[in-house]
Amino acid sequence: MKKFRLYFDKDKEEEWLNEMSRQGWAMTEFLLGLYIFTSCEPGQYIYRIDMQKEAGRTPVWRNDYQEYIELVEETGAEYVCRWGWWLIFRREAAKGEFALYTDMESQIALYRRIRWMFLLFGMLELSIALSNTGNVLHFWESRAGSLGSLDIIFFVCLILVWFAAAGFFLMSLKLTGKIHRLRM
């Protein structure tokens, strides 16, 4: 079975994957929001998603995670797949609780890494939006109000970039709140 979903919240994605497992579907692959599932015993697996310390320091196409994957597999977990800096693991529920981070400081460090990623992408989107907004305004002034369909498409894309920047910054704020709640 294939399902398309876009998640910006690691915890919600984990909840959904674990709910799919409880319904008898084991996630086996992921690519650009497309999840591929095979049938399994209901509740057979517990899924966890991780972003390692090297995230952001190494290009996403490098595969420097093998040592960490082997460490997690020593706990009885199974490496499912990787997407960019994200690593997805699962473990049979019959083996007991499965957590990658058991202490508060390591959980906070994980959410800081994720927040850093959202801030990075937010800044990138903001710089694209700011530079293109000036271009659009200048272009519209020069055309004196006669807009074609391509102009409207470009304007809609610009609005989407502004929304993406806002979304990344909002996720950063949400993660900041999560970090503060963990400290309490």
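Just so you know, these numbers come straight off a predicted model, no measurement behind them.

What counts, and where the lines are drawn
- Residues numbered from 1 in each chain as written.
- Predicted model: local features only at pLDDT ≥ 70, side-chain atom pairs only at ≥ 80, totals over all residues.
- Heavy atoms only, no water.
- Helix = DSSP H or I, 4+ residues; strand = E, 2+ residues; numbered from the N terminus.
- Contact = heavy atoms within 4.5 Å.
- Areas by Shrake-Rupley, 256 points an atom, 1.4 Å probe, with all protein chains shown as cover.
- Core = buried A, V, L, I, M, F, W, Y, C linked by side-chain atoms within 4.5 Å.
- Buried < 20%, exposed > 50% of the residue type's maximum accessible area, 1.4 Å probe, protein only.
- Patch = residues over 30% accessible without salt bridge, like charges linked within 9 Å, V, L, I, M, F, W, Y side chains within 5 Å.
- Salt bridge = Lys/Arg side-chain N within 4 Å of Asp/Glu carboxyl O.

Visitor: I'm lost on the overall build of the chain in this one. Help?
Guide: Looking only at helices and strands, the chain has four helices and six strands in total. Counting helices and strands in the order they occur from the N terminus, the chain gives β-α-β-β-β-α-β-β-α-α. Long-range contacts, defined here as pairs at least 24 residues apart, represent 62% of the contacts in the chain between residues at least 6 apart. Carbon and sulfur atoms provide 62% of the accessible area of the chain, an area that totals close to 11100 Å².

Visitor: What's the story with the nonpolar core in this structure? I'm lost.
Guide: Nonpolar side chains tend to gather and get buried jointly when the protein is soluble and globular. One finds Leu17, Met27, Tyr47 and Ile114 to be the most contacted residues of the largest nonpolar core, which totals 38 residues. Excluding residues that lie within four positions of it along the chain, Tyr47 makes contacts with Glu14, Leu17, Asn18, Ser21, Ala26, Met27, Val80, Ile88, Phe89 and Arg90.

Visitor: Explain a nonpolar patch on the surface to me, please; I cannot follow it from the model alone.
Guide: A cluster of nonpolar side chains, namely Ile152, Phe155, Val156, Ile159, Leu160 and Phe163, defines an oily patch on the protein surface of about 550 Å² accessible area. Note on placement: Phe155 falls in helix α4 (residues 149-183).

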